[in-house]
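Chain and residue survey
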Amino acid sequence: MQWHEERRMRKNMRLNELTYRQYLALAYIVSKWNIERKHATASELKRIIGFSTDRMLKITLEALERKGFIRFHGLNHNPIAEITDNTARIMPFLTDKLLLVEEYMPYKEIKERIALREKGKRDYLSVKPQVPFVDSLAFLNNKKRIVHRWSDFLEDFPPSLVWSVFERFLKCATTARAAVVLDPFCGSGTTLVTAKLLGHEGIGLDANPVAAFISEVKTYWDIPPKDFRAEANAILNALSSASELLGAVRISTEAFSLMDKMELNQWLKPSVQNEVAFVSEAVKEEVEDERIRRLLLLALVESARAASNVSFCPGTSFYPFRKRPSFAEAFKRKCSQIYEDLLILNRLNGFGNTKIFTGDARKLTEYIEEEVDFILTSPPYPNDLEYTRQTRLDLYLLGFVKSMKDVAAIKKRMVCGSTKLIYKDARGNAKFVEKYESVQHIFERLKEAFSGKNWGWDYPRMVKEYFGDIFVVLRETKKVLKEHGIAVFVVGDQTYKQILIPVGAIMSEIAEDLGYETKRETFRVRRSTLHNIPLKEEIVILKIVG
C-alpha cells in the first residue's frame with residue numbers, strides 16, 4: 001500500500017486521533033478477525049494492551065465505538081465487539097499477524113534456521129566520504145556534523161554553538177599543551193566530540209547511563225573502518241536472511257521480557273520489536289570486538305528510536321501511524337554514517353583523549369581528580385522533561401536497568417528539572433537557596449498560581465529544588481576549575497502559568513555569591529504558541545575571582 005493511500009485512509013478514518021491503547025485494541029480486534037475469523041475476548045485484549053481491570057478496557061472500547069471503528073456490545077456479551085464497515089475497508093492496513101503470536105523463539109534457534117553469517121554477501125556499506133580531505137575541521141564539525149550525527153538528544157545544544165565557544169576561549173590545542181575540558185552534563189557528547197576534534201583532553205559525566213554510553217562510544221575514533229564495515233555487513237545480511245522468519249514468529253530477548261509490556265508496545269510495533277531483538281542478540285552474540293560491538297549497539301538504539309512510534313514534542317508521545325523509516329533501513333543508514341565518518345577520521349590525526357563517568361554532577365569531586373581548564377555544559381532546564389522517560393527503551397536495550405526500581409535510582413542522581421524527579425529520600429538541596437529572594441519570589445508566585453488545584457502542587461517545590469541543585473553543582477564546579485579557568489553554562493528561561501523563571505539571571509546570582517565573576521549573553525530567544533513571553537537561552541560565563 002502506497003504511503004499516499006495510507007495517509008488518505010488515516011485522514012478519512014481519523015486513525016491519527018486514536019490513543020495508543022485504542023490503536024492496539026483495534027489492531028488486535030481486526031487481526032483476530034481477519035486472520036482467524038474469531039472475535040477478540042476481553043481477557044485477550046487486556047493481556048495484549050496491558051490492562052489489569054475491565055474498567056480501562058471498557059473505556060477504551062467505548063472510545064473506539066464513538067469514533068466509528070467498532071460496535072461495542074459490552075464486556076459480558078459474546079462477541080464483545082465487532083468491526084464496522086469502514087474499518088473492514090482498511091483491514092489489511094490494521095492487521096498485524098505478530099499480535100496473535102504468543103510463543104517466542106530464542107535467537108539461537110533462529111540463527112540455526114538462517115545459517116547466520118553464512119547467507120547473503122551483499123555490501124550494504126559501500127559508501128565513500130562525500131567531503132574533501134582538507135584542513136576544514138569547522139566544516140566537519142558544523143556542517144557535516146561528523147560523529148555528532150551518530151546520536152543526539154532532544155534539546156542538545158548545536159555543534160556550531162560549541163565550536164564558536166571553543167574558538168572564543170580555547171581554539172585548537174597546541175603541540176605544547178592541550179586543555180582539559182569538562183562537561184558535567186555531557187548528554188550525547190557534543191562538547192566532548194568537538195574537544196576531541198580540536199585536540200583537547202575531555203572529561204564527561206552524566207547521571208543517565210545511556211548518555212554516558214553514547215558519549216563514550218562517540219569518541220571511539222581509532223577503529224579500523226574495514227573491521228566495522230565487515231561486522232555491520234554481517235549483521236545486515238543476517239537481518240535480511242531472517243526477515244521472512246521474523247514476520248511469522250516472535251524472538252525473545254531479555255530486555256523486552258523485563259520491560260513493561262504496555263510500554264514496550266507503545267514504543268515499538270511487534271514487527272519492529274522482532275527486528276530490534278534479532279539485531280540486539282546478533283550483535284551481542286556474534287561481534288567479538290567490544291568497541292565495534294558498542295558502536296553497533298549505538299546504531300541499534302538510534303535506529304529503534306527512529307523506527308518507533310515515539311515523538312518528542314518536547315514531551316514523550318506515541319503515534320502508531322506516524323511516518324517513519326523501517327528499522328532495517330534506519331540501521332543501515334546509521335551504520336553507513338558511522339562507517340563514512342570513521343573513514344574520514346582515519347585520515348586525520350591529533351585527537352585528544354576522552355574519559356566518561358556515569359555519575360551525579362552534584363558530587364563532581366567524587367569523579368574528577370585533576371583540575372580542569374575549561375567547562376562547557378548545558379544542565380537540564382526546569383522544563384519538566386524527564387529524560388529517563390525519553391531514553392526508557394535505550395535503558396532496557398543496553399542492559400542498564402531491569403526494573404522501574406533501577407530507573408528510580410537513576411532519576412535520584414539527576415538535577416531536579418522535573419516534578420517526576422522529586423523523591424522524599426533524594427532531595428533537600430532547596431535549603432541552599434532559601435536566602436535568595438529571587439527564588440523565593442518565584443516559589444511563592446507558583447504556589448499561589450497552583451493553589452486550589454488538584455495538580456501542579458509540586459511545581460513550586462521542583463523550582464526550588466532545581467536551583468538548590470544548581471547551587472551544589474556550581475559549588476562543586478569551583479573545586480575542580482583551575483585558577484583563571486572558565487566555565488560556560490548554556491541555560492534557558494522557562495515559564496509556568498505565565499510566571500517567568502529567569503534561569504540565567506538566578507544562576508548568575510548564585511554564582512556571584514559563591515565567588516565567581518559572571519557574564520551573561522543571549523544567543524537565541526524561543527517563542528511559544530502557549531504564551532507571549534519570550535524565553536531567552538543564554539550563555540553564562542563564570543570565572544573564579546582572585
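Figured I'd write up the structure that's included with this text. This structure is a prediction, so every number in the text was calculated from the model and none was measured.

With that settled, consider the overall build of the protein chain. In terms of regular secondary structure, the protein chain is built from 23 helices and 15 strands. The C-alpha radius of gyration computed for the protein chain amounts to 26 Å, which stays within 12% of the reference 24 Å derived for 546 residues, consistent with globular compactness. For the protein chain, the residues scored as buried account for 56% of the 546 residues in total. Long-range pairs, those at least 24 residues apart, make up 74% of the contacts in the protein chain between residues at least 6 apart in sequence. Carbon and sulfur atoms provide 47% of the accessible area of the protein chain, an area that totals close to 24,100 Å². Taken as two groups, the 84 positive and 72 negative side-chain charges of the protein chain have centres that lie 4 Å from each other.

Here we come to the sheet that holds strand E15 (residues 535-544). In spatial order, the strands read E9-E5-E4-E10-E11-E15-E14; together these 7 strands make up an open sheet with mixed pairing. Strand pairing shows two members of the sheet lacking a second neighbour, strand E9 (354-358) and strand E14 (516-526), which therefore form its edges. Neighbour to neighbour, the strand axes of the sheet diverge by 15° on average, direction disregarded. Bridge analysis of E14 against E15 gives 10 bridges, and the strand direction is antiparallel. Residue Thr522 lies in a different strand from E15, and its bridge partner there is Glu538. Sheet strands touched by helix H11 (residues 209-217): strand E5 (201-206) and E9. Its angle to E9, the strand with the most contacts, is close to 170°.

With that settled, the discussion passes to the pattern of salt bridges. One pass over the structure, following the stated rule, counts 38 salt bridges. For the salt bridge of Lys46 with Asp54, the shortest nitrogen-to-oxygen distance reads 2.8 Å. For Asp54, a relative accessible area of 39% translates into the label partly exposed. Among the salt bridges present, the one from Arg362 reaches Asp360, with a minimum N-O distance of 2.7 Å. Bridged by salt links that share partners, the residues Glu263, Glu386, Arg389, Arg392 and Lys411 form one connected network.

Next up on the list: the packing of helix H12 (residues 225-246) against helix H16 (residues 290-306). Where H12 meets H16, the axes come as close as 10 Å, and the angle between the chain directions of the two elements is 50°. Relative to H16, the element H12 lies oblique. Pair H12 / H16 crosses with right-handed handedness. Between H12 and H16, the residues in contact are Asp227, Phe228, Glu231, Ala232 and Ile235 and Ile292, Leu295 and Leu296, respectively.

The next subject is the side chain of Lys269. Its location among the elements puts Lys269 in the loop between helix H14 (261-267) and helix H15 (270-286). Although Lys269 lies buried, it forms no salt bridge, and the closest oppositely charged side chain, Asp96, sits 6.7 Å away as judged by the N-O distance. Excluding anything up to four places from it in sequence, Lys269 contacts Tyr20, Tyr23, Asn309, Pro320 and Arg324.

In this section: the pairing of strand E11 (residues 481-492). Summarising burial for E11: 9 of the 12 residues are buried, a large majority. By the bridge criterion, 7 bridges tie E11 to E15 in an arrangement that is antiparallel. Note on E15: the bridge partner recorded for Ala487 is Leu542.

Locating Pro270 in the fold gives a position in helix H15. Pro270 sits in the buried class, given a relative accessible area of 3%. It is 9.3 Å that separates the C-alpha atoms of Pro270 and Gly247, two residues lying 23 residues apart in sequence. Apart from residues no more than four positions distant in its own chain, Pro270 is found in contact with Asp96, Leu98, Leu99 and Arg250.

Going from Asn78 to Pro79, the amide bond is cis rather than trans, its omega being 0°. When you line up the elements, Pro79 lands in the loop between strand E1 (70-72) and strand E2 (81-83). Residue Asp384 is not a glycine yet carries a positive backbone phi of 65°. Mapping Asp384 onto the fold places it in the loop between strand E10 (372-377) and helix H18 (387-390). Residue class for Asp384 comes out buried when judged on its relative accessible area of 15%.

When we look at burial in helix H7 (residues 107-114), the residues that qualify are Tyr107, Ile110 and Ile114. Axial view of H7: buried residues confined to an arc of 65°, hence all on one face. In this structure, H7 carries Lys108 and Glu112 as exposed residues pointing more than 90 degrees from its buried face. Residues of H7 that are buried in the fold lie against strand E3 (104-105), H12, strand E6 (250-251) and H15.

Before going further, it helps to examine the side chain of Ser303. With respect to the helices, strands and loops of the structure, Ser303 is situated in helix H16. Owing to a relative accessible area of 1%, Ser303 belongs among the buried residues under this scheme. Among the polar contacts made by the side chain of Ser303, one reaches the main-chain carbonyl oxygen of Ala299 at a distance of 2.6 Å. For Ser303, the contacting residues outside a window of four places in its chain are Phe327, Ala330, Phe331 and Lys334.

So, about the packing of helix H21 (residues 437-449) against helix H22 (residues 459-480). As a packed pair, H21 and H22 sit with axes 8 Å apart at the nearest point and diverge in direction by 165°. With respect to their mutual orientation, H21 and H22 come out roughly antiparallel. Considering how the two elements wind past one another, H21 and H22 form a crossing that is right-handed. Contacts between H21 and H22 involve Val439, Gln440, Ile442, Phe443, Leu446 and Lys447 from the first element and Tyr459, Pro460, Arg461, Val463, Lys464 and Phe467 from the second. Of the residues assigned to the contact of H21 with H22, the class counts are 8 nonpolar, 1 polar and 3 charged.

The rules behind these values
- Residues numbered from 1 in each chain as written.
- Predicted model: local features only at pLDDT ≥ 70, side-chain atom pairs only at ≥ 80, totals over all residues.
- Heavy atoms only, no water.
- Helix = DSSP H or I, 4+ residues; strand = E, 2+ residues; numbered from the N terminus.
- Rg over C-alpha atoms; globule rule 2.2 N^0.38 Å.
- Buried < 20%, exposed > 50% of the residue type's maximum accessible area, 1.4 Å probe, protein only.
- Contact = heavy atoms within 4.5 Å.
- Areas by Shrake-Rupley, 256 points an atom, 1.4 Å probe, with all protein chains shown as cover.
- Lys, Arg positive; Asp, Glu negative; His and termini not counted.
- Charge placed at Lys NZ, Arg CZ, Asp CG, Glu CD.
- Pairing = 2+ DSSP bridges.
- Axes fitted to C-alpha atoms, helices over the stretch in contact; angles between N-to-C directions.
- Salt bridge = Lys/Arg side-chain N within 4 Å of Asp/Glu carboxyl O.
- Parallel < 35°, antiparallel > 145°, perpendicular 65-115°, else oblique.
- Left-handed = near helix turned anticlockwise from the far one by under 90°.
- Arc of directions from axis to C-beta.
- Polar contact = N/O pair within 3.5 Å; in protein donor to acceptor, adjacent residues only side chain to side chain.
- Nonpolar A, V, L, I, M, F, W, Y, C, P; charged D, E, K, R; others polar.

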